[in-house]
Each structure stands twice: as structure tokens, then as C-alpha cells.
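Close look at the chain arrangement
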Amino acid sequence: MTSRRFFLLSGVAIAAAAAFRGFTQHSIAAETFEVTKTDAEWKAILNDAQYRILRHEDTEQPFTSALNTEKRKGIFHCAGCDLPVYSSDVKYDSGTGWPSFWEALPNAIGTREDTSLLMTRTECHCRRCGGHMGHIFNDGPQPTGMRHCINGMAMTFKPASAA
């Protein structure tokens, strides 16, 4: 009986989280950004995973992005609009399975409160196109103490040119 009760309560929690996520996405749609496209235009320029992550706040599975292990010097850009968002100089291995950074480039990301999954987190998005990047937590290294936990599929990487 206890297993069944847990199963039923889990279903209610998932439904509630989905309802909260729907509310959050509605409020995101109300924001305006420099780069705007129709849903069809986003689908045409992004692959399926990028579209789900950037436009519908999905999350890739941990340890699946090649950018998680990217070690070269360079700049990470928004996969939606090519805005530079993170430098390799602030990337570190958090052990979480997602590319992690202790700060974004100046004027690169925006944040908002995310109450999906029955908790409150800080969601970060590209400030130019509104694409969902990931979340920011306060358990990162110094000097900021922050961990920007970013979906690798939300970004592209451009290595630094050899001088």
C-alpha cells in the first residue's frame, strides 16, 4: 500500500510541476528580446535538442554534451543567436555532468525565478534572444561562489585563434 501511495503522490507532484512549468513558459513569452523569431524560424535554425532546450526550457541528460569536457581556450556562444556568453577562462569541472562556469561574460545573460519542479531556482537565459541556458546555484568556486550549470546544447564553442 505504501508503494502505491508513493506512486500516486509522485504523479500528483509531476502534474503540479508541469503546471508550474507551463506558467513559467507563459511569462517568458511575454518578455521581449533583441532577437525574435517565429516558432517555425527557430525550428529551422536549431536542431531538435537545441530547440527543446533553448525555446522550451528542456534539459539535456548529464554527461552527454561534448562541451562538458571542452578544455581549449575560447568563447562559448548562445546556439540561438551567437551572442558570446561564457569564457573558457571561468569554466570548471563541477562533476555535475553539465558545463559549469563561475560567471558569465558582461551583459550576456538574464535571470529569472524558476519555480518549476516544486522548488525555487535561478534560471538563466541569453539576454539577446531569451534562449534558456540553464540555472545558477550558489555552490560554485571562488571568486564568485556561483555555479552556472549550463546545457551544452544551448551553446556553441569557438576556440581562440592561434596568434
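Up top is the structure.
To keep things clear, this report deals only with the structure shown in the data block. (Residues numbered from 1 in each chain as written. Predicted model: local features only at pLDDT ≥ 70, side-chain atom pairs only at ≥ 80, totals over all residues. Heavy atoms only, no water.)

**A look at unusual backbone geometry**
Each neighbour pair has its own omega, and for Q142 with P143 the value is 20 degrees, a cis peptide bond. Phi at N107 is positive, roughly 55 degrees, even though this residue is not glycine. Of the residues examined, N107 reaches a relative accessible area of 57% and is grouped as exposed. (Buried < 20%, exposed > 50% of the residue type's maximum accessible area, 1.4 Å probe, protein only.)

**Describing the packing of aromatic side chains**
Taken as a whole and judged by the stated rule, the model has 3 aromatic pairs. Here the aromatic rings of F76 and F157 are separated by 4.7 Å at their centres, their planes lie at 50 degrees, and the arrangement is tilted. Taken together, the residues span a long stretch of sequence, with F76 in strand β1 (residues 74-78) and F157 in strand β9 (residues 155-159) at a distance of 81 residues. Accessibility assignment for this pair places F76 and F157 in one class, buried. The interplanar angle of 20 degrees and the centroid separation of 4.3 Å between the aromatic rings of Y86 and F101 together place this pair among those described as stacked. Of this pair, Y86 sits in strand β2 (residues 84-87) while F101 is found in strand β4 (residues 100-101), placing the two residues 15 residues apart along the sequence. For the pair Y86 and F101, a shared accessibility class is recorded, and that class is buried. Taken together, the aromatic side chains of F76, Y86, F101 and F157 make up a single cluster linked through ring pairs. Seen from the ring of W42, K37 lies directly overhead, with NZ or CZ sitting 5.8 Å from the centre. (Phe/Tyr/Trp six-rings, centres within 6.5 Å; stacked < 30°, edge-to-face > 60°. Helix = DSSP H or I, 4+ residues; strand = E, 2+ residues; numbered from the N terminus. Lys NZ or Arg CZ within 6 Å of the ring centre and 35° of its normal.)

**Thoughts on the nonpolar core**
If you look at the biggest cluster of nonpolar residues, it comprises 28 residues, and the most contacted ones within it are V85, Y86, M133 and M155. Listed by contribution, the elements that provide at least two residues to this core are α3 (48-56), β1, β2, β6 (121-126), β7 (132-137) and β9. It is α3 that contributes the most residues to this core, 3 residues altogether. (Core = buried A, V, L, I, M, F, W, Y, C linked by side-chain atoms within 4.5 Å.)

**A look at the sheet that holds β1**
In sheet architecture, strand pairing relies on hydrogen bonds along the backbone and comes in two forms, parallel and antiparallel. Spatial ordering of the open sheet is given by β2-β1-β9, a layout of 3 strands whose pairing is antiparallel. Strands with a single pairing partner mark the edges of an open sheet, and in this sheet they are β2 and β9. Recorded for the sheet is a direction-independent mean angle of 30 degrees between the axes of neighbouring strands. Of the strand pairs in this sheet, β1 and β2 are connected by 3 bridges, and their pairing is antiparallel. By the bridge assignment for β2, F76 is matched with Y86. (Pairing = 2+ DSSP bridges. Axes fitted to C-alpha atoms, helices over the stretch in contact; angles between N-to-C directions.)

**Let's talk about the pattern of salt bridges**
This structure, assessed with the given rule, holds 9 salt bridges. One salt bridge connects K43 with D39, and the closest N-O pair in it is separated by 3.8 Å. You can see K43 and its partner D39 sitting in helix α2 (residues 39-45), 4 residues apart, about one turn around the helix. Given the relative accessible area of 48%, K43 is considered partly exposed. R121 serves as the salt-bridge partner of D114, at 3.1 Å between the closest nitrogen and oxygen. You'll find D114 and R121 in the same group, each marked buried. (Salt bridge = Lys/Arg side-chain N within 4 Å of Asp/Glu carboxyl O.)

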